[in-house]
Each structure stands twice: as C-alpha cells, then as structure tokens.
Amino acid sequence: MTALHITDIEAAINYWRDRAPSPDGVLLSAEVRALAEVYALMIHARAQEVSTQGFPAHAMAAWLAWYDTTPDTPCIAICSTSQGDEKCKGCGRSFDEVQLWTALEPAEKRAVWRRITAEGDSWRFTRYAERAMEKRCVT
C-alpha cells in the first residue's frame, strides 16, 4: 500500500497556509480545506498514514504542489551502491531504491525520505550535515 504520512499532510497544509493565507482568520483556501479534511479524518482515526488509493483528487493536487517544492532525491553524489554496498553510505537508500528512484511514485519517495531521515546514519545526515553547521557557525 502506498501511503502518505501525517507529517507530510501537515507540511503541505502549512505550505498552503503560507502561500494562500486566510483573509479573515476563518476562511481557508481550497487547498488547505482539502488537506485539512483528510488530516481531520486521520486524527479522528489516530492514523499515521493514509492510502493514496481513494485519496481525494483535490487534496492530492494540493499535496503534489507541496511535494514539488521538496528536494527530489536524497543523493549527495557519493554513491557507495555503485561499489557494491546494499545501502548507500552517502544517502542511506538501498541499492534497489537508488536504481528505481525515477520510477517511484511521489508517496513512495517520501516514504524513503522519512526512513532515511529517521535512521539518520548516512553521510547526508552525519558528515555533511556537521560540516554545513560548522560553516554556519563560522559565518
């Protein structure tokens, strides 16, 4: 089952709230309203994920617009799967995920992003993240 995680729904809602703020603090844009309906049902059901199958078209369009603003690939151009590793040391994706990335659906890509972010053990999240923080502190 391909599913969207609640944190991605929240991020999409916040994206649209910034992009199309309420004119009076009460009315919501069509995009926020569409996503909020799904979000409310998820909260009521205490669900962390919602299937993309049967996902309302207007909510999916709003989610995809947010998705298009996110980085497509976690690749940092240091691919150890090309050297035979089952899991890339650079980005944390499996060999199959690297090979099939362009064929994955947006929700599948977000699931991979969530997993590698939660694991946080690839160079994307350790060596290079630490260097980026060092540069910010120096500046």
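Just so it is clear, the model here is predicted, and its values are computed rather than measured.

A. Local environment of the side chain of arginine 93. For arginine 93, the location among the structural elements is in the loop between α3 (57–67) and α4 (95–100). This buried residue, arginine 93, is left without a salt bridge; glutamate 97 holds the nearest opposite charge, at 6.0 Å. Once residues lying within four places of it in the same chain are set aside, the contact partners of arginine 93 are Thr73, Pro74, Cys75, Thr81, Glu86, Lys87, Cys88, Val98, Trp101, Val112, Arg115 and Ile116.

B. Spatial organisation of the pattern of salt bridges. A full pass over the atoms with the stated rule returns nine salt bridges. Between arginine 114 and aspartate 8 there is a salt bridge, with its nearest N and O atoms 3.1 Å apart. Separated by 106 residues along the polypeptide, arginine 114 in helix α5 (residues 106–119) and aspartate 8 in helix α1 (residues 6–19) bring together distant segments of the chain. The same class applies to arginine 114 as to aspartate 8, namely buried. We note a salt bridge from arginine 115 to glutamate 97, for which the minimum N-O separation is 2.7 Å. Of this pair, arginine 115 sits in helix α5 while glutamate 97 is found in helix α4, placing the two residues 18 residues apart along the sequence.

Reading the values: rules and limits
- Residues numbered from 1 in each chain as written.
- Predicted model: local features only at pLDDT ≥ 70, side-chain atom pairs only at ≥ 80, totals over all residues.
- Heavy atoms only, no water.
- Helix = DSSP H or I, 4+ residues; strand = E, 2+ residues; numbered from the N terminus.
- Buried < 20%, exposed > 50% of the residue type's maximum accessible area, 1.4 Å probe, protein only.
- Lys, Arg positive; Asp, Glu negative; His and termini not counted.
- Salt bridge = Lys/Arg side-chain N within 4 Å of Asp/Glu carboxyl O.
- Contact = heavy atoms within 4.5 Å.

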